[in-house]
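# Close look at the chain arrangement
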Amino acid sequence: MTKVLRSVVTGVGGYLPERVVTNDDLAKFVDTNDEWIVERTGIRQRHRAPDDQPVSELAVNAARKALAAAGRTPADVDLIVVATTTADLTFPAVATIVQRKLGCPIGIAFDVQAVCSGFVYAMAVADGFVARDRSKCALVIGAETMTRLMDWTDRGTCVLFGDGAGAVVLEPVAGEGTIVDRGLLGFALRADGTKQDMLYVDGGPSTNGQVGKLRMQGNQVFRHAVVNISEAVTAAAADAGIEVSSVDWFIPHQANIRILEGVARRLGIDEKKVITTLSEHANTSAASIPLALDQAINDGRIKPGHLLLLEAMGGGFTWGACVVRL
Ligand code: UT7
């Protein structure tokens, strides 16, 4: 069989800001309650970064842990891709700030903006460098301070989101070109700009010059989520040449427990294989998948050699999935 280069995950790390905000904390100033939030979303708490902690700091903390897990140092890193919607500054890219803060040498660094699907997009983009031997050690980071985008008078959105960061190190490793190879084995990415009005932030440097607040028609997004995600998961599995049923772990973007369960049901995935962090992390957008991956590696569920299916959907709409053997 022809040898191929694979982008192999050699380290994973996560970081959550210290402050925890419970549903009861929110109920003190928003017309909501713990029962509604838990029943409709599965969320019990979220982490919130203080105003003086920019997203780059969350990203750096997660990246340090991922590099340590991979046995690498910042000096090894030649590519940084940060998936984020909540950059420190309009420019430069968070990835270049991470590069400076970590002390990485001159290399490639840029951000990917695909909102909650950002991490899946970023993995596919980084694969374009790593699997072509254009990068020997890449950091792919999902990092968000979503609480900065909340309208705290809108109970339909402000209870859903949290802050955090997760990172993986990708390195090129020769494989056999079969499904037993470690690494990124396949992916499917999608976007449909006609659904933009259902989930967006009402500000930007080229419109009103403001950061803006998140606006969402939650039930409309919900209506599309299960169908869209299921199609992308099926397409990513086909791209990798695997059966969805052969996956060891399903690591979804953490938006709503009912979406996670709906996708698992539709695809016939055993719910014991679904990693959920929603109750503790809420929706951390591009950070939710690497954070969930980190948690399940640390608690011993996900082990080297396991076959993982990652999926997400978010503003744009964008959505996608990828298949990774750890
Ligand atoms: O990560 C990006 C992708 N985002 C998503 O995937 C989010 C997808 N959408 C969802 O997760 C759900 O649609 C929500 C959790 C946002 C909302 O759940 P829902 O079951 O679709 O509720 P709804 O928006 O249809 O609202 C039902 C009721 C409304 O009251 P009325 O009009 O029936 O009296 C809302 O005002 O629930 C009310 N409601 C709340 N009540 C207490 C909405 N938010 C809250 C709240 N607390 N926080």
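Residues numbered from 1 in each chain as written. Predicted model: local features only at pLDDT ≥ 70, side-chain atom pairs only at ≥ 80, totals over all residues. Heavy atoms only, no water.

## Some thoughts on the overall build of the chain
- Looking only at helices and strands, the chain has 10 helices and 13 strands in total.
- Taken against the 2.2 N^0.38 rule, which gives 20 Å for 326 residues, the C-alpha radius of gyration of the chain at 18 Å falls within 12% of a compact globule.
- Considering the chain as a whole, with its 326 residues, one finds that 54% of them fall into the buried category.
- A separation threshold of at least 6 residues defines the contact pool for the chain, and within that pool the share at least 24 residues apart is 76%. (Helix = DSSP H or I, 4+ residues; strand = E, 2+ residues; numbered from the N terminus. Rg over C-alpha atoms; globule rule 2.2 N^0.38 Å. Buried < 20%, exposed > 50% of the residue type's maximum accessible area, 1.4 Å probe, protein only. Contact = heavy atoms within 4.5 Å.)

## Observations concerning the site of the ligand
- The environment of the ligand is made up of 22 residues, and the closest members are Thr 32, Arg 40, Arg 155, Asn 256 and Asn 283.
- Arg 40 is positioned such that a nitrogen or oxygen atom in its side chain is 2.5 Å from an oxygen atom of the ligand.
- Listing elements by their share of the shell around the ligand, those giving two or more residues are α2 (34-41), α6 (155-158), α7 (218-240) and α8 (257-267).
- The element that contributes the greatest number of residues to the shell around the ligand is α7, accounting for four residues.
- In the shell around the ligand, the residues fall into 11 nonpolar, eight polar and three charged.
- When residues of the shell around the ligand are sorted by domain, at least three fall in each of domain 1 (4-175) and domain 2 (183-325). (Near = heavy atom within 4 Å. Polar contact = N/O pair within 3.5 Å; in protein donor to acceptor, adjacent residues only side chain to side chain. Nonpolar A, V, L, I, M, F, W, Y, C, P; charged D, E, K, R; others polar. Domains from an automatic or database assignment.)

## Overview of the environment of Val 38
- Inspection of the secondary structure assignment puts Val 38 in helix α2.
- Taking the C-alpha atoms as reference points, Val 38 and Val 21, separated by 17 residues in sequence, lie 14 Å from one another.
- When residues no more than four places from it in sequence are discounted, the contact partners of Val 38 are Asn 23, Ile 43 and Arg 44.

## Some details on the packing of helix α3 (residues 55-70) against helix α4 (residues 94-102)
- Between α3 and α4, the shortest axis-to-axis distance is 9 Å and the interhelical angle comes to 60°. With respect to α4, the element α3 is oriented oblique. Considering only the axes of α3 and α4, their crossing is right-handed. Across from Val 55, Ser 56, Glu 57, Ala 59, Val 60, Ala 63, Arg 64 and Leu 67 in α3, the residues of α4 making contact are Val 94, Ile 97, Val 98, Lys 101 and Leu 102. (Axes fitted to C-alpha atoms, helices over the stretch in contact; angles between N-to-C directions. Parallel < 35°, antiparallel > 145°, perpendicular 65-115°, else oblique. Left-handed = near helix turned anticlockwise from the far one by under 90°.)

## Focus: the packing of aromatic side chains
- This structure, assessed with the given rule, holds two aromatic pairs.
- Aromatic pair Phe 110 and Phe 129: ring centres 6.1 Å apart, planes at 45°, arrangement tilted. Separated by 19 residues along the polypeptide, Phe 110 in strand β5 (residues 108-112) and Phe 129 in helix α5 (residues 118-130) bring together distant segments of the chain. (Phe/Tyr/Trp six-rings, centres within 6.5 Å; stacked < 30°, edge-to-face > 60°.)

## What to know about the sheet that holds strand β8 (residues 183-191)
- Pairing within the open sheet is mixed, and its four strands lie in the order β8-β13-β12-β11. The sheet is open, and its two borders are formed by β8 and β11 (249-252), each paired with just one other strand. In this sheet, adjacent strand axes meet at a mean angle of 15° when their direction is disregarded.
- Sheet analysis places β8 next to strand β13 (residues 318-325), joined by eight bridges and oriented antiparallel. Following the sheet pairing, Gly 183 is matched in β13 by Arg 325.
- Contacts between helix α10 (residues 288-298) and the sheet are confined to β11 and β12 (307-314), with β11 contributing the most and set at about 145° to the helix. (Pairing = 2+ DSSP bridges.)

## Structural notes on the nonpolar core
- By size, the foremost hydrophobic cluster in this structure holds 46 residues, and its most contacted members are Leu 309 and Val 323.
- Where this core is concerned, the elements lending two or more residues are β8, α7, α8, β12 and β13.
- Among the elements that take part in this core, α7 stands out by supplying nine residues, more than any other.
- Of the domains in this structure, domain 1 (4-175) and domain 2 (183-325) are the two that each give at least three residues to this core.
- Contact partners of Leu 309, with chain neighbours within four places excluded, come to Val 233, Val 244, Val 247, Trp 249, Phe 250, Ile 251, Ala 321, Cys 322 and Val 323.
- Formed by 34 residues, the second largest nonpolar core is a distinct cluster that contains Val 140, Val 168, Ile 251 and Ala 286. (Core = buried A, V, L, I, M, F, W, Y, C linked by side-chain atoms within 4.5 Å.)

## Considering the domain arrangement of the chain
- Domain annotation of the chain identifies domain 1 (4-175) and domain 2 (183-325).
- Spacing between the C-alpha centres of domain 1 and domain 2 amounts to 14 Å.
- Taken residue by residue, the interface counts 51 residues in domain 1 and 47 residues in domain 2.
- Summing both partners gives a buried area of about 3,700 Å² for domain 1 against domain 2, and 67% of it is carried by carbon and sulfur. (Buried area = accessible area lost by both parts, 1.4 Å probe.)

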